[in-house]
Amino acid sequence: MNATLEFGLSGMTCANCVGRVERTLTRTPGVQSAAVNLATERATVTYDPGQVDAAALLARVQAAGYEPQVETIDFAVGGMTCANCVGRVERALTRTPGVLGASVNLATERAQVRYLPAVVGAAELRAAVQAAGYETPQPAPTQTAADPRAQELARLRRDVILSAAFAVPLFLLAMVPMLFMPVHMWLTGLVSERLLNWVMLALAAPVQFGPGRRFLRLGVQALRHRSPDMNTLVMLGTGAAFLYSALVTVAPGLFPAGTAHVYFEASAVVITLILLGKLFEAIAKGRSSAAMRALLQLQPKTAHVLRAGQGADVPVEEVRAGDLLLVRPGDKIPVDGEVVSGQSFVDESMLTGESVPVEKTSGAVLTGGTLNGHGALHMRATKVGGDTALAQIMALVERAQATKPPVQALADRIVAVFVPVVLVIAALTFAAWLALGGPGALGQALVNTVAVLIIACPCAMGLATPTSVMVGTGRAAELGVLFRSGAALEGLQAAQVVALDKTGTITLGRPHLTDLLTVDGVGEQDLLALVAAAETASEHPLARAIVAAAQDRGLTLPLAEGVQARPGFGLDARVAGQQVQVGNARLMAQAGVDAGPLAEAALRLAELGRTPVYAAVDGQLRGLLGVADPLKPGSAEAVRALQAQGLEVVMVTGDHERAAQAVARQLGIAQVRAEVLPGEKQAVVQALQAGGRRVAFVGDGINDAPALAQADVGVAIGTGTDVAVETADVILMGGDLRGVPAAVTLSRATLRNIRLGLFWAFAYNVLLIPVAAGALSPVFGWQLSPVLAAAAMGLSSVFVLSNALRLRRVQPALRPQPAAAVPVLAQPRPQETL
């Protein structure tokens, strides 16, 4: 049985690094597939544990020149009494996915674990020990490894400062005399040219073998593995300039007259500029994961647990399912659960996007990370750790950010051959200038070759897609839209048809009283109380809607006696000494009640898709009730927005044709597929896909799962069933249909962003490599110095990252809004409702 391993890794600098790690992993016996993401610096590997283990995979990655992100944790273990206990705890830990090794000491009663933080966390490790029958009494284990991204950022800052400290005076010393002749005359009169070369060597060496050592080390490893990358290009370019200049300085007599020039400033300044570009990249990468950091910050650190009648604040990792918790006013809900007692309003906007706080009373569901209002709540924990909604949302976002959309496939194929082609171009450039350059050909050949090697670094190519996906999916999560993968992100923007389920997606999914008409001066409240009392014993959905409406108005319902249900007609009962009949026109006819005065109103209700229900008291017609499944707030806006986006909207429902058409008229939907059995929705999607059209299906129920799976992109209402949510490619957390056009907007914006980034990355190299090679020099006299090449290369990566960060500002024209109150008519007005 195959297993999946996820881990972070550092040391990657460009798309070629991604390709090398992927090739290293896929060539390992037992590995089925491997995917590496440059922006998130994570790898996902599917492998056969019977042929290769996780430690061997990490060793392979390390041998390729990259560092897997491994952390060490140390925590106390209580309850051990002998060596057998030690063995049991160690086995429990090492069997946990993501654990690389565990050592338990009986004398100190502590465990030390090496693990992959991308796979397993401290809470899971402690839970494994507890499941083995032992305690972990210390609540705050100490992690010995710092954040690797923060460490890398600190190293880059240090290297940039150190490199600039030597490169800036070196640049001034080399370039100012060339630009200003008086300075040149003064300097040459002060010191000899050879002594000046020695000074520049002294300034360049600390840069080349200090901060520049990273390019040398990684570049050599890349060549050893026959997979040259950006580091190889920088190493060869700056190394050639430095070695040539060093030889000129040490043994100038080896070179023909007029060719003994030094290029120390080129190597030192190029290294400095590239490091500066990498620093900007690292900072931008941190900003691109802002959405994930925001999600992490939603998780409170502690929870107030009530055990054995005593309350105590404990780390949230120690909360177990079934624990009773106290949530004080203003606290964040620590884990998922339900209210046991108390009343408050909870702000759920950080997860659902709904800005209006939601009332919570006994039995209400609470979601971890949401913010309690002014009331105190006692809650029972139902889901903790990785099972909470917040943890699952974070996992979905991380998974989406780690996957590649299909548009990346072309970029990957190009990058796989790009660096070798650049090396060939560099070699041809050197040979051509050496053969045709005339006097000073060697120096000219060297300068142009170095410029080619520097300008061609494929950093921008590797960053264009993953950073856009990371920022786009993060922004979508902020708006309550979860994309499961990069493929879903790309697929939604290509959709041509959006098929909408009706019940629970377009509508609220449950009947409500929408109209109440009376005759002969009968009071609405009085009639509703009589009808609701008669319907109290019925389980019919229409009866439930009428009873709920009476309860919402605070009516006191008298006791009903002699209730007799008449299937297909309605019911009659004796309420407060009066005989009450409630049902359709056939029941009225059977009871001898003249329904004529309200027949026209009943017809209009039916045309609006509402179910007319007659009410008679003591054989006299007294009123007409309309019951319907109302539209969700925003459904009409969502449909109009989708149509404005150029999408064809189709409604698919199992309801009868007349009711479906009534809803469609309200929404402006021209195409309706009505009376579709649950098993036929998939076939409807297949029919819509005829001719190669791409279809997105939006649904919420179990019966929608096959259609969600069949569609090119399945969109699930997050408030629907677990089956629908698990089957879908996109999830709307708030359950608001307005999230669909918002998701389309984000999908289209992200793909435009990716295409722009890839175009810039490719166009930059295609246009500037010939310039760097000196192809325009014979005609226009244009040449690109290595220093300018390094600056341009850094700017291209910064441009691509800045372009991706623009997605953080995407504002869909129509955003999911808080759910409005159910539209039950407190004071029905026939002229408005009918």
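Residues numbered from 1 in each chain as written. Predicted model: local features only at pLDDT ≥ 70, side-chain atom pairs only at ≥ 80, totals over all residues. Heavy atoms only, no water.

1. What about the overall build of the protein?
Counting secondary structure elements, the protein contains 31 helices and 30 strands. A total of 834 residues make up the protein; the buried ones form 51% of that total. For the protein, restricting intrachain contacts to residue pairs at least 6 apart in sequence, the fraction spanning at least 24 positions comes to 69%. (Helix = DSSP H or I, 4+ residues; strand = E, 2+ residues; numbered from the N terminus. Buried < 20%, exposed > 50% of the residue type's maximum accessible area, 1.4 Å probe, protein only. Contact = heavy atoms within 4.5 Å.)

2. Things to note about unusual backbone geometry
Phi angles above zero are rare outside glycine, and Ala576 is one such case at about 50°. When you line up the elements, Ala576 lands in the loop between strand 22 (570–575) and strand 23 (578–583). Despite not being glycine, Asp618 shows a phi value in the positive range, around 55°. Mapping Asp618 onto the fold places it in the loop between strand 24 (611–617) and strand 25 (620–628).

3. Focus: a nonpolar patch on the surface
Taken together, the side chains of Leu195, Trp198, Val199 and Val250 define a hydrophobic patch exposed on the protein surface, amounting to about 340 Å² of accessible area. Top contributing element to the nonpolar patch by residue count: helix 7 (residues 193–209), with three residues. Among the secondary structure elements, Trp198 is positioned in helix 7. Its relative accessible area of 39% is what places Trp198 among the partly exposed residues. (Patch = residues over 30% accessible without salt bridge, like charges linked within 9 Å, V, L, I, M, F, W, Y side chains within 5 Å. Areas by Shrake-Rupley, 256 points an atom, 1.4 Å probe, with all protein chains shown as cover. Salt bridge = Lys/Arg side-chain N within 4 Å of Asp/Glu carboxyl O.)

4. As for the environment of Ser635
With respect to the helices and strands, Ser635 occurs in helix 23 (residues 635–644). Sequence separation between Ser635 and Ile506 is 129 residues, and the spatial gap between their C-alpha atoms is 5.7 Å. Apart from the residues lying within four places of it in its own chain, the contact partners of Ser635 are Thr505, Ile506, Leu667 and Leu737.

5. Details of the sheet that holds strand 28 (residues 695–699)
Strand pairing in a sheet relies on backbone hydrogen bonds, with the paired strands running either antiparallel or parallel. Judged by pairing direction, the sheet is mixed, and its seven strands sit side by side in the order 18-30-29-28-19-26-27 without closing on themselves. Unpaired on one side and paired on the other, strand 18 (481–483) and strand 27 (671–673) mark the two borders of the sheet. Taken pair by pair, the neighbouring strands of this sheet meet at an average axis angle of 20°, ignoring direction. Contacts between helix 28 (residues 739–773) and the sheet are confined to strand 18, strand 28, strand 29 (713–717) and strand 30 (730–732), with strand 18 contributing the most and set at about 50° to the helix. (Pairing = 2+ DSSP bridges. Axes fitted to C-alpha atoms, helices over the stretch in contact; angles between N-to-C directions.)

6. Quick notes on the environment of Pro786
Tracing the chain through its elements places Pro786 in helix 30 (residues 786–805). A residue is classified by how much of its surface remains accessible, and Pro786, at 6% relative accessible area, is buried. As for Pro786 and Asn448, which are separated by 338 residues in sequence, their C-alpha atoms are 7.6 Å apart.

7. Section: the pattern of salt bridges
Two side chains that carry opposite charge are able to pair once their charged atoms sit near each other. Tallying each qualifying case throughout the model produces 16 salt bridges. With its nearest N and O atoms 2.7 Å apart, the salt bridge here joins Arg693 to Glu648. Placement of the pair is Arg693 in the loop between helix 25 (681–688) and strand 28 and Glu648 in strand 26 (residues 648–652), with a sequence separation of 45 residues. Given a relative accessible area of 27%, Arg693 falls into the partly exposed group.

8. Section: the side chain of Gln493
Relative to the helices and strands, Gln493 is located in helix 17 (residues 486–493). Looking at Gln493, the relative accessible area reads 17%, which means it is buried. At 3.0 Å, the side chain of Gln493 and the backbone oxygen of Glu490 are in polar contact. (Polar contact = N/O pair within 3.5 Å; in protein donor to acceptor, adjacent residues only side chain to side chain.)

9. Some words on a positive patch on the surface
Residues Arg752, Arg806, Arg808 and Arg809 make up a contiguous surface patch of positive charge. Mapped onto the elements of the fold, Arg808 is located in the loop between helix 30 and helix 31 (830–833). (Lys, Arg positive; Asp, Glu negative; His and termini not counted. Charge placed at Lys NZ, Arg CZ, Asp CG, Glu CD.)

10. Notes on the sheet that holds strand 23
Taken in spatial order, the six strands of this open sheet run 20-25-24-23-22-21, and their pairing is antiparallel. The strands lining the two open edges of the sheet, one partner per strand, are strand 20 (512–518) and strand 21 (560–566). Here the average twist between neighbouring strands, direction ignored, is 20°. In this sheet, strand 22 lies alongside strand 21 in antiparallel orientation, the contact comprising five bridges. Within the sheet, the bridge partner assigned to Ala560 lies in strand 22 and is Val575. Together, strand 20, strand 24 and strand 25 form the strand contacts of helix 20 (residues 541–552), whose direction differs from that of strand 25 by roughly 100°. Against the sheet, helix 22 (residues 599–607) contacts strand 20, strand 24 and strand 25, and its axis sits at roughly 5° relative to strand 25.

11. Some words on helix 20
When the terminal C-alpha atoms of helix 20 are compared, their 16 Å separation across 12 residues agrees well with the 16 Å that a helix rising 1.5 Å per residue should span. For helix 20, every residue scored as buried is listed here: Ala543, Ala545, Ile546, Val547, Ala549 and Ala550. As for helix 20, its buried residues are in contact with strand 20, helix 19 (524–535) and strand 25. (Expected span 1.5 Å × (residues − 1).)

12. As for the environment of Thr72
For Thr72, the position within the fold is in strand 5 (residues 71–76). Taking the C-alpha atoms as reference points, Thr72 and Tyr115, separated by 43 residues in sequence, lie 6.4 Å from one another.

13. Remarks on the packing of helix 23 against helix 28
At a minimum axis separation of 8 Å, helix 23 and helix 28 run at an interaxial angle of 30°. As judged from the angle between their axes, helix 23 and helix 28 are roughly parallel. Residue-level contacts link Ala638, Ala641 and Leu642 of helix 23 to Val740, Pro741 and Val744 of helix 28. Considering only residue class, the contact of helix 23 with helix 28 consists of six nonpolar, no polar and no charged. (Parallel < 35°, antiparallel > 145°, perpendicular 65-115°, else oblique. Nonpolar A, V, L, I, M, F, W, Y, C, P; charged D, E, K, R; others polar.)

14. Describing helix 2 (residues 54–63)
Among the residues making up helix 2, those that are buried are Ala54, Leu57, Leu58 and Val61. For helix 2, the buried positions fall inside an angular range of 95° around the axis, keeping them on one side. The positive-phi residue at the C-terminal boundary of helix 2 is Gly65, with phi of around 105°. (Arc of directions from axis to C-beta.)

15. Digging into the UniProt feature "transmembrane region" (unreviewed entry) in the protein
Taken from the UniProt record, the annotation "transmembrane region" (unreviewed entry) applies to residues 160–183, 195–212, 233–255, 261–280, 414–436, 442–465, 758–780 and 786–805. Here residues 195–212 runs as 83% helix and 0% strand, with 24 Å between its end C-alpha atoms. The distance from the first to the last C-alpha atom of residues 758–780 is 29 Å, and the span holds 87% helix and 0% strand. (UniProt positions renumbered as here; feature names shortened; annotations may be inferred.)

16. Things to note about the packing of aromatic side chains
For the structure on display, the rule yields three aromatic pairs. An angle of 85° between the planes, with centres 5.4 Å apart, marks the rings of Phe209 and Phe242 as edge-to-face. Highlighted residues: Phe209 in helix 7 and Phe242 in helix 9 (residues 230–250), separated in sequence by 33 residues. The class of Phe209 is partly exposed, set by a relative accessible area of 47%. Judged by relative accessible area, which is 5%, Phe242 ranks as buried. Ring geometry for Trp760 against Phe799: centres 4.6 Å apart, planes inclined by 40°, an arrangement best described as tilted. One end of the pair, Trp760, is in helix 28; the other, Phe799, is in helix 30, and 39 residues separate them in sequence. Trp760 gets classed as partly exposed once you look at its relative accessible area, which sits at 34%. With relative accessibility at 33%, the residue Phe799 sits in the partly exposed group. Taken together, the ring pairs in this structure connect Phe209, Phe242 and Phe264 into an aromatic cluster. (Phe/Tyr/Trp six-rings, centres within 6.5 Å; stacked < 30°, edge-to-face > 60°.)

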